[in-house]
Amino acid sequence: MTSTRTVDELRADLTGGLAASIAEKGYAATTIADIVMHARVSKRTFYEHFTDKEACLMALYEQGCEHLLAVVRGAAVGGQKSWKGLVNDGVTAYLNALEGMPAVTRTLLVEIQAAGPKAFLLRQQMQRRFADTLVEVVDAARAADPAIPKLSQLLAIALVGGVHEMMLQVSDPYTGAGPSFTTLAPAVDELVYAILTNPWASADGMI
């Protein structure tokens, strides 16, 4: 029954149904029937919330990214922490969150990149959001250590892309095989430290 679910709950169930089907058979092979089966709703209910499968995919991707952004912001709270402590907490929280939603991981890492022009533009937008968040976190860290260079958005985007590629290198998002994403924490920390201590980190750049 769908009558007891709110609009937000129904949308979450539908995007969750898409994520479950993607994990099983991939985005291209997933049908609306697969999505509604997992969500336990009718096709009519699906079309009341999404125009097509692509719209559902974009909602799933955006939801996943918003969750990860909130996790990073929540972890990177200054207080009395050193800047390296802030970086470590943010990286650890991000990787743990990613590890905790395996059904969404394949969408975030692979499927969104091959889902068409609208999905491509959304991915670019969310990558910039991640970069902006990293810049904000670094600015917060500079309060504890003003010697840290400001991070340009261009290098922040490069950092986002580098972490993304690391995740693809250690795990197969199609099968879930490979080590846990959390094993990447030391390498990601090292990458962040290297960028932040590089005098070019504050170089101006237009994107």
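Residues numbered from 1 in each chain as written. Predicted model: local features only at pLDDT ≥ 70, side-chain atom pairs only at ≥ 80, totals over all residues. Heavy atoms only, no water.

**Structural notes on the packing of aromatic side chains**
Point 1. Applying the stated criterion across every chain, the model contains three aromatic pairs.
Point 2. With 5.8 Å between their ring centres and 45° between their planes, Phe46 and Phe50 make a pair best called tilted. As far as burial versus exposure is concerned, Phe46 and Phe50 are alike and both buried.
Point 3. Taken together, Phe46, Tyr47 and Phe50 form an aromatic cluster joined through their ring pairs.
Point 4. Taking NZ or CZ as reference, Lys53 lies 4.3 Å from the ring centre of Tyr27, over its face. (Phe/Tyr/Trp six-rings, centres within 6.5 Å; stacked < 30°, edge-to-face > 60°. Buried < 20%, exposed > 50% of the residue type's maximum accessible area, 1.4 Å probe, protein only. Lys NZ or Arg CZ within 6 Å of the ring centre and 35° of its normal.)

**Comments concerning the side chain of Ser21**
Point 1. Following the sequence through the fold, Ser21 ends up in helix H1 (residues 7-25).
Point 2. Overall, Ser21 belongs to the buried group, its relative accessible area being 1%.
Point 3. For Ser21, the side chain forms a polar contact with the side chain of Thr30, separated by 2.8 Å.
Point 4. Discounting residues that sit within four places of it in the chain, Ser21 has contacts with Gly26, Thr30, Asp34 and His38. (Helix = DSSP H or I, 4+ residues; strand = E, 2+ residues; numbered from the N terminus. Polar contact = N/O pair within 3.5 Å; in protein donor to acceptor, adjacent residues only side chain to side chain. Contact = heavy atoms within 4.5 Å.)

**Quick notes on the pattern of salt bridges**
Point 1. Under the defined criterion, the tally for this structure stands at seven salt bridges.
Point 2. Two residues, Arg44 and Glu48, come together in a salt bridge whose shortest N-O distance is 3.7 Å. In this pair, Arg44 and Glu48 are both assigned in helix H3 (residues 43-49), four residues apart and thus about one turn of the helix distant.
Point 3. In this structure, the salt-bridge partner of Glu136 is Arg73, at a minimum N-O distance of 3.9 Å. Of the two residues, Glu136 is situated in helix H7 (residues 117-144) and Arg73 in helix H4 (residues 53-75); the sequence distance between them amounts to 63 residues.
Point 4. The exposure class assigned to Glu136 is partly exposed, which follows from its relative accessible area of 46%. (Salt bridge = Lys/Arg side-chain N within 4 Å of Asp/Glu carboxyl O.)

**Topic: empty space enclosed by the protein**
Point 1. Under the defined criterion, the tally for this structure stands at one cavity of 30 Å³ or more.
Point 2. Surrounding the largest cavity, 30 residues form its lining, Tyr94, Phe130, Leu134, Val160 and Val163 being those nearest its centre.
Point 3. When contributions to the lining of the largest cavity are tallied by element, the ones reaching two or more residues are H4, helix H5 (83-99), helix H6 (102-109), H7, helix H8 (153-170) and helix H9 (185-196).
Point 4. Take the lining of the largest cavity: its biggest share by element is eight residues, from H7. (1 Å grid on protein atoms, 1.4 Å probe; cavity = no way out; pocket = protein on both sides within 12 Å on 5 of 7 lines; lining within 4 Å. Points joined across faces, edges and corners; volume = space filled by probe spheres on them.)

**Quick notes on the packing of H4 against H7**
Point 1. Between H4 and H7, the least distance of the axes is 11 Å, while the angle of their chain directions is 5°. On the basis of their axis angle, the class for H4 and H7 is roughly parallel. Across the interface between the two elements, Glu54, Met58, Tyr61, Glu62, Cys65, Glu66, Leu68, Leu69, Val72 and Arg73 of H4 pack against Lys118, Ala119, Leu122, Arg123, Met126, Gln127, Arg129, Phe130, Thr133, Glu136 and Val137 of H7.
Point 2. Considered class by class, the residues forming the contact of H4 with H7 number 11 nonpolar, two polar and eight charged. (Axes fitted to C-alpha atoms, helices over the stretch in contact; angles between N-to-C directions. Parallel < 35°, antiparallel > 145°, perpendicular 65-115°, else oblique. Nonpolar A, V, L, I, M, F, W, Y, C, P; charged D, E, K, R; others polar.)

**Overview of the environment of Gln63**
Point 1. Here Gln63 shows up in helix H4.
Point 2. Residues Gln63 and Thr15 lie 48 residues apart in sequence; the distance between their C-alpha atoms is 8.8 Å.
Point 3. A polar atom in the side chain of Gln63 sits 2.9 Å from the side chain of Thr15.

**A short note on the environment of Ala39**
Point 1. Along the chain, Ala39 turns up in helix H2 (residues 32-39).
Point 2. Here Ala39 falls in the buried class, since its relative accessible area comes to 2%.
Point 3. If we skip the residues at most four places from it in the chain, Ala39 touches Arg5, Asp13, Leu14 and Gly17.

**Some thoughts on H8**
Residue pairs three or four apart in sequence face the same way in an α-helix, which turns once every 3.6 residues.
Point 1. Taking 1.5 Å per residue, 18 residues should reach 26 Å; H8 reaches 26 Å between its end C-alpha atoms and fits that length.
Point 2. Taken residue by residue, H8 has Ala156, Leu159, Val160, Val163, His164 and Met167 as its buried positions. Projected down its long axis, H8 shows its buried positions confined to an angular sector of 135°, all on one face.
Point 3. Tucked into the core, H8 has its buried residues touching H5, H6, H7 and H9. (Expected span 1.5 Å × (residues − 1). Arc of directions from axis to C-beta.)

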